[in-house]
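Each chain, written out:
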Amino acid sequence: MNSAQADAYLRRIGTQYPAWPTSDVLRELQLRHLKTVPFENLSIHLGEEIVLEEKRLLDKVVGARRGGFCYELNGAFGALLGALGFDVTLLAARVYGEEGRLGIPYDHLALRVRTVDGGDWLTDVGFGAHSLHPLAFGERGEQEDPGGTFQVVESGPDAAGVRGVGGSREGVDLDVVRDGKAQYRLEVRPRVLGDFVTGAWWHSTSPESHFARSLVCSRVTEDGGRITLSGRNFTVTTAERTKKVSALATDEEVLATYRERFGIELDQVPEVRKARE
């Protein structure tokens, strides 16, 4: 990413080029990203190709002012942070599903970010409702955040009885916990963006993937709440986590909500596509 691309990205999220890649700057960048770039899976249902390459991600997130799911959002944000001087490592995770079952390998992409003032952070702008601020990577106690109470803890054995190891130098896998419930299991071995292609393909095509079975577009609001459009249901969640759901009756209402509340201009209302059998 060159300086012009970085400047355009920073304008996209409503901030300016930082003087220094510090922990405070990272905190502000993550929050601005969550408030301005939606978590959305519309490409899957609009028939748009998802390509995990830096230029294609920037074309979508910055050029087209769209959002994306974890691979796209954290992939693009990681590239921005690297261009700003942060030390960025891409990490793979498996998301906890029903009954505590872990998802597929490369189920999720998250970022480990080191700052010039000694910070070592778990940064994630691609998990929907999650922490608004980076989480201290090496802290094993509770971490309070507007999004909940979080912990980053060493994981136990998986369903096969294996306690995952990221490598002799990196250490064991970590569980990211929100309000007492494990969200995802994080490998600490460094990865590259191309490693996640299979996971992105599975989530885009498999009938077992919730991304292929439903529509979602969501972002954090200025007051720390959240707005979410799921098909034709528009949900406003306050910072105190109270919810109000409204049903949108017409295509015009749906398209106007995408445009006015998420900044996404669409020519047609997305409809769930039948996942490949």
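Look above for the structure.
These lines cover the structure that appears in this document, whether it is placed above or below. (Residues numbered from 1 in each chain as written. Predicted model: local features only at pLDDT ≥ 70, side-chain atom pairs only at ≥ 80, totals over all residues. Heavy atoms only, no water.)

Quick look at helix α1 (residues 3-12) now. Within the sequence span of α1, burial applies to Ala-6, Tyr-9, Leu-10 and Arg-12. The buried residues of α1 occupy one face: seen down the axis, they fall within an arc of 150 degrees. Seen from the buried face of α1, the exposed residues on the opposite side, beyond 90 degrees, are Ser-3 and Arg-11. Buried residues in α1 make contact with α2 (23-36), α4 (54-63) and α5 (70-83). (Buried < 20%, exposed > 50% of the residue type's maximum accessible area, 1.4 Å probe, protein only. Helix = DSSP H or I, 4+ residues; strand = E, 2+ residues; numbered from the N terminus. Arc of directions from axis to C-beta. Contact = heavy atoms within 4.5 Å.)

As for its placement among the helices and strands, Asp-120 is situated in strand β4 (residues 120-123). Measuring from C-alpha to C-alpha, the distance between Asp-120 and Ser-23 comes to 8.5 Å, with 97 residues separating the pair along the chain. In contact with Asp-120, not counting residues within four places along its chain, are Arg-112, Val-113, Arg-114, Leu-135, Ala-136, Phe-137 and Gly-138. A distance of 2.7 Å separates polar atoms of two side chains, one belonging to Asp-120 and the other to Arg-112. (Polar contact = N/O pair within 3.5 Å; in protein donor to acceptor, adjacent residues only side chain to side chain.)

At a minimum axis distance of 10 Å, the contact between α1 and α4 shows a crossing angle of 40 degrees. Handedness of the α1/α4 crossing: left-handed. For the pair α1 and α4, contact is made by Gln-5, Ala-8, Tyr-9 and Arg-12 and by Leu-58, Val-61 and Val-62, respectively. (Axes fitted to C-alpha atoms, helices over the stretch in contact; angles between N-to-C directions. Left-handed = near helix turned anticlockwise from the far one by under 90°.)

Let's shift gears to the packing of aromatic side chains. Under the definition given, this model contains seven aromatic pairs. Between Tyr-106 and Phe-196 the ring centres are 5.5 Å apart and the planes differ by 85 degrees, which places this aromatic pair in the edge-to-face class. Pair noted here: Tyr-106 is in the loop between β2 (87-95) and β3 (108-114) and Phe-196 is in the loop between β9 (181-186) and α6 (197-205), with a separation of 90 residues, a long-range link. Residue class for Tyr-106 comes out partly exposed when judged on its relative accessible area of 22%. Given the relative accessible area of 0%, Phe-196 is considered buried. Relative to Phe-262, the ring of Phe-234 has its centre 6.5 Å away and its plane inclined at 85 degrees; by these criteria the two rings are edge-to-face. Separated by 28 residues along the polypeptide, Phe-234 in strand β12 (residues 233-237) and Phe-262 in helix α8 (residues 251-262) bring together distant segments of the chain. Each member of the pair Phe-234 and Phe-262 is classed as buried. (Phe/Tyr/Trp six-rings, centres within 6.5 Å; stacked < 30°, edge-to-face > 60°.)

As a further point, take the pairing of strand β7 (residues 148-154). In this sheet, β7 lies alongside strand β6 (residues 143-145) in antiparallel orientation, the contact comprising three bridges. What sits directly across from Glu-144, in β7, is Thr-149. Linkage of β6 to β7, two consecutive antiparallel strands, is achieved through a turn of two residues. Relative to strand β8 (residues 174-178), β7 runs antiparallel, the two sharing five bridges. Bridged to Val-152 within β8 is Val-176. (Pairing = 2+ DSSP bridges.)

In a beta sheet, neighbouring strands are held together by backbone hydrogen bonds and run either parallel or antiparallel to one another. Pairing is antiparallel across the open sheet formed by five strands, whose spatial order is β1-β10-β11-β12-β13. The open sheet is flanked by β1 (39-40) and β13 (243-247), the only strands paired with a single partner. The strands touched by α8 are β10 (217-220), β11 (226-230) and β12; relative to β11, the strand with the most contacts, the crossing angle is about 155 degrees.

Further remarks concern the nonpolar core. Counting 40 residues, the largest nonpolar core has Tyr-9, Leu-29, Tyr-71, Phe-77, Leu-80, Leu-81 and Phe-86 as the members making the most contacts within it. At the level of elements, α1, α2, α4, α5, β2 and β3 are the ones that each hand at least two residues to this core. Excluding residues that lie within four positions of it along the chain, Phe-86 makes contacts with Pro-21, Thr-22, Val-25, Leu-26, Leu-29, Leu-81, Val-113, Arg-114 and Thr-115. (Core = buried A, V, L, I, M, F, W, Y, C linked by side-chain atoms within 4.5 Å.)

Overall, antiparallel pairing links the eight strands, which are arranged β5-β4-β3-β2-β9-β8-β7-β6 in an open sheet. Each edge of the open sheet carries a strand with a single partner, namely β5 (135-136) and β6. In this structure, β2 lies alongside β9, joined through three bridges in antiparallel fashion. Considered in β9, the bridge of Arg-94 is made with Arg-185. Helix-sheet contacts for α5 involve β2, β3 and β4, and the interaxial angle to β3 is about 20 degrees.

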